[in-house]
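Read off the chains here:
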Amino acid sequence: MKEIDARGLACPAPVLQAKDAIEAQQLNAVRVVVDNAAAQQNVQRFLESQGYEITLDANIDGYIIVGRCNAAVRAEPQVAPVTEAAQVKIMVMITTDRFGYGDDALGLKLMVNFIRTLNEMGPDLWRLVLVNNGVKLTVDGSEVLPELKQLQDTGLHILVCGTCLTHFNLLEQKQVGETTNMLDIVTAMQLADKVINV
Amino acid sequence: MCDLEIPTDEHVIVGMDSPDDAGVYQIAEDQAIVQTVDFFTPIVDDPYQFGQIAAANALSDIYAMGAVPKTAMNLVGFPLKQMDISLLRQIIQGGLDKLKEADVVLVGGHSVEDNELKYGLSVTGFVHPDRVLTKKNIRVGDRLVLTKPLGTGVINTAIKGGVAPADVAERVTRQMVALNRDAAEVMNQYSVHACTDITGFGLLGHLAEMVVGSGCGLRLNADTIPILPEAIEYAAMGMLPAGAFKNKEFRQSMVEFSSSLNPLIQDLLFDPQTSGGLLICLERAAAEQLIDKLNQKGIDPAAIIGEVVPAPPEIIRVQ
């Protein structure tokens, strides 16, 4: 694999080095090391614009961007089947990691059960929004991570409140869903046919 | 410089306590002087054009205060041992031609020997004390008007990287040497609440300065924000300058992007601008008239890009 060490270089030099390398010869794979976030984003964008698939790694030396050209064509994400009747858009908003009030241990058990059963809504389930303590369901150690990931793989948009993750200092631990903001949440509420608040 | 004691007096209208595009000092009941200084290292290869851009950029701070520039002084750092003095002559000629266009007289200057070429100007203008425009004083319901398209930062980086063709370079240079004078003249016919010019912090960085401490929020409509056509292409090629990412990191917590907004556009709203347009904040009806007048004057890219909203405070939402 062609290696480019662009550490110590400012934009646009890292991109230009990558550009020169892939223009000089057809490269099936290229590995670029940079030491700042701006160069990382620019190199990644450049390689993507040239049709490379990117894997990104970071260590104490900097960011390692690996671009591969001949990667197998990714399977198309599974599209939820369109039902015959006009599809209803259901948004489920989870504001806590416990289902209901009272006994906490019971509440946690019920929440796990709730998430596991959510897929019964079928394609009508359109958005899953997690706010406040609800964001804790998306981080390392959550019992329902596999279920949430599975829901996401079927095409469900899982939105996780960024302010909440920051508040709990969990931004780095999030394992599933897109980080979102209040504007997205409000827009989703407006577009949904039904909002279910848990 | 937070820990330094800055001297002041009662005639200071705009000073170090609320930094703005320029300082303003009242000298008579109906008159205040407006002072600014700006200089930088070359951003284009052509010395004459560099002089023009530096002058247009320095003059812009005076226009952004609602003032009329009158006098200027050159500031020069020049590597005498490495460069031919004729280069300096061309730079200063470029600056002079812009000053002439702006009806501003050159009254002096100072040069030092420097390892790196630098050029800029100190400009002085005048304004009625009641007509001073600062970054503060935005009001709910106001509209935001931008007079030049964004994208000079990413395009200049692409030029430096040798990936932008000559005609693109020419077009972006034409925009950077364009004075904000005509836009300012039209603006001064209206009751304007706040104004600044878009430079190194990018559109969102300068909007953030406007919204901090205002108690209001902003809502922008990305579709209406003028952006140079090649800017998105070069951003996709990884040509955004490091400054764009720094600006984003610094102000990210104040900005909420709609998730459907193209990430390249999100980044371009932080692209640092050289000699950028004026950002004008005024009532809706006045803003609509202002756009018509600007278009009549040939300032076609001018557009209403957003509005001041009551909540959430100090947050800029971009849709």
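Residues numbered from 1 in each chain as written. Chains lettered and ligands numbered in written order. Predicted model: local features only at pLDDT ≥ 70, side-chain atom pairs only at ≥ 80, totals over all residues. Heavy atoms only, no water.

A word on the overall build of chain B. Counting its regular elements, chain B contains 10 helices and 13 strands. A compact globule built from 319 residues should have a C-alpha radius of gyration of about 20 Å, and chain B, at 19 Å, falls within 12% of that. Expressed as lengths along the three principal axes of its C-alpha atoms, the size of chain B is roughly 55 × 55 × 45 Å. Here chain B holds 319 residues, and 55% of them are scored as buried. The long-range share in chain B, meaning contacts at least 24 apart out of those at least 6 apart in sequence, stands at 84%. Of the accessible surface of chain B, which amounts to about 14,000 Å², a share of 52% is contributed by carbon and sulfur atoms. Taken as two groups, the 24 positive and 41 negative side-chain charges of chain B have centres that lie 3 Å from each other. (Helix = DSSP H or I, 4+ residues; strand = E, 2+ residues; numbered from the N terminus. Rg over C-alpha atoms; globule rule 2.2 N^0.38 Å. Buried < 20%, exposed > 50% of the residue type's maximum accessible area, 1.4 Å probe, protein only. Contact = heavy atoms within 4.5 Å. Areas by Shrake-Rupley, 256 points an atom, 1.4 Å probe, with all protein chains shown as cover. Lys, Arg positive; Asp, Glu negative; His and termini not counted. Charge placed at Lys NZ, Arg CZ, Asp CG, Glu CD.)

Here we take up the interface of chain B and chain A. With 21 residues of chain B in contact, the opposing surface of chain A contributes 15 residues. Interface area for chain B against chain A, summed over the two sides, is near 1,500 Å², with a carbon-plus-sulfur share of 60%. By the criterion of area lost to chain A, the three top residues of chain B are Met237, Gly238 and Phe245 of chain B, representing 29% of everything that side buries. Scanning the region where chain B abuts chain A turns up 1 salt bridge. Inspection of the region where chain B meets chain A yields 5 residue pairs in polar contact (both at pLDDT 80 or more). When contributions to the side of chain B that touches chain A are tallied by element, the ones reaching two or more residues are α7 (229–236), α8 (242–251), β10 (255–257), α9 (263–268) and β13 (316–318) of chain B. Take the side of chain B that touches chain A: its biggest share by element is 3 residues, from α9 of chain B. (Buried area = accessible area lost by both parts, 1.4 Å probe. Salt bridge = Lys/Arg side-chain N within 4 Å of Asp/Glu carboxyl O. Polar contact = N/O pair within 3.5 Å; in protein donor to acceptor, adjacent residues only side chain to side chain.)

Before going further, it helps to examine the packing of aromatic side chains. Residue and element names in this part refer to chain B. Counted according to the given criterion, the structure contains 4 aromatic pairs over all chains. Between Phe40 and Phe50 the ring centres are 6.1 Å apart and the planes differ by 45°, which places this aromatic pair in the tilted class. You can see Phe40 sitting in strand β3 (residues 31–40) and its partner Phe50 sitting in helix α1 (residues 47–64), a full 10 residues away along the chain. With respect to class, Phe40 is no different from Phe50; both count as buried. Aromatic side chains Phe257 and Phe270 sit 6.4 Å apart centroid to centroid with 75° between the ring planes, which places their arrangement in the edge-to-face category. (Phe/Tyr/Trp six-rings, centres within 6.5 Å; stacked < 30°, edge-to-face > 60°.)

So, about unusual backbone geometry. All names here are of chain A. Cys11 connects to Pro12 through a cis peptide bond whose omega is 5°. A positive phi angle, close to 45°, is found at Asn132, a residue other than glycine. Secondary-structure assignment places Asn132 in the loop between β6 (125–130) and α4 (145–153). Judged by its relative accessible area of 43%, Asn132 is partly exposed.

We now examine helix α6 (residues 202–211) of chain B. Buried residues dominate α6 of chain B, accounting for 10 of its 10 residues. A positive backbone phi angle near 80° is found at Gly213 of chain B, which sits one or two residues after α6 of chain B.

Moving on, we get to α7 of chain B. Listed in full, the buried residues belonging to α7 of chain B are Glu230, Ala231, Tyr234 and Ala235 of chain B. Projected down its long axis, α7 of chain B shows its buried positions confined to an angular sector of 140°, all on one face. Where α7 of chain B is buried, its residues meet α2 (37–49) of chain A together with α3 (152–160), α4 (166–177) and α9 of chain B. (Arc of directions from axis to C-beta.)

Under the counting rule described, the total for this entry stands at 23 salt bridges over all chains. Between Arg45 of chain A and Asp267 of chain B there is a salt bridge whose closest N-O contact spans 2.6 Å. Linking Arg45 of chain A in helix α2 with Asp267 of chain B in helix α9, this pair reaches from one chain into another. An identical accessibility class is assigned to Arg45 of chain A and Asp267 of chain B; each is buried. For the salt bridge of Glu209 of chain B with Lys135 of chain B, the shortest nitrogen-to-oxygen distance reads 2.9 Å. A residue pair is termed long-range when its members are at least 10 positions apart, and Glu209 of chain B in helix α6 and Lys135 of chain B in the loop between β6 (118–127) and β7 (143–146) qualify at 74 residues. Judged by relative accessible area, which is 17%, Glu209 of chain B ranks as buried. Through salt bridges with shared partners, a single ionic network connects Arg45 of chain A together with Lys248 and Asp267 of chain B.

Once that is clear, we can look at the domain arrangement of chain A. Split by domain assignment, chain A resolves into domain 1 (2–75) and domain 2 (90–197). Relative to domain 2 of chain A, the C-alpha centre of domain 1 of chain A lies at a distance of 34 Å. (Domains from an automatic or database assignment.)

All names here are of chain B. Pairing in this open sheet of 7 strands is mixed, and the strands run β8-β11-β7-β12-β9-β13-β10 from one edge to the other. Both outer strands of the open sheet, β8 (192–197) and β10, are each paired with one neighbouring strand and no more. Looking at each pair of strands side by side, their axes are set apart by 20° on average, direction ignored. Where β7 meets strand β12 (residues 303–309), 4 bridges bridge the pair, whose relative direction is antiparallel. From the neighbouring strand, Leu144 faces β12, where its bridge partner is Gly306. (Pairing = 2+ DSSP bridges. Axes fitted to C-alpha atoms, helices over the stretch in contact; angles between N-to-C directions.)

A word on the state of the cysteines. Counted by the stated rule, this structure contains 1 disulfide over all chains. Disulfide pairing is shown between Cys161 of chain A and Cys164 of chain A; the S-S distance is 2.3 Å. The disulfide joining Cys161 of chain A to Cys164 of chain A has a torsion of about 80° about its S-S bond and is therefore right-handed. Take Cys281 of chain B: it sits in no disulfide, and the sulfur closest to it among the cysteines is that of Cys216 of chain B, at 8.6 Å. (Disulfide = S-S within 2.5 Å.)

Our next topic: the sheet that holds strand β4 (residues 62–68) of chain A. Residues and elements named next belong to chain A. Sheet architecture is open: 4 strands sit in the order β1-β2-β4-β3, paired in mixed fashion. The strands lining the two open edges of the sheet, one partner per strand, are β1 (2–5) and β3 (53–59). Averaged over all pairs of adjacent strands, the angle between their axes in this sheet comes to 15°, without regard to strand direction. As paired elements, β3 and β4 share 7 bridges and run antiparallel to each other. Following the sheet pairing, Asn59 is matched in β4 by Gly62. Its contacts with the sheet place helix α1 (residues 13–24) against β1 and β2 (29–34), and it is angled at close to 160° to β1. Where α2 meets the sheet, its contacts fall on β2, β3 and β4, and the angle it forms with β4 comes to roughly 0°.

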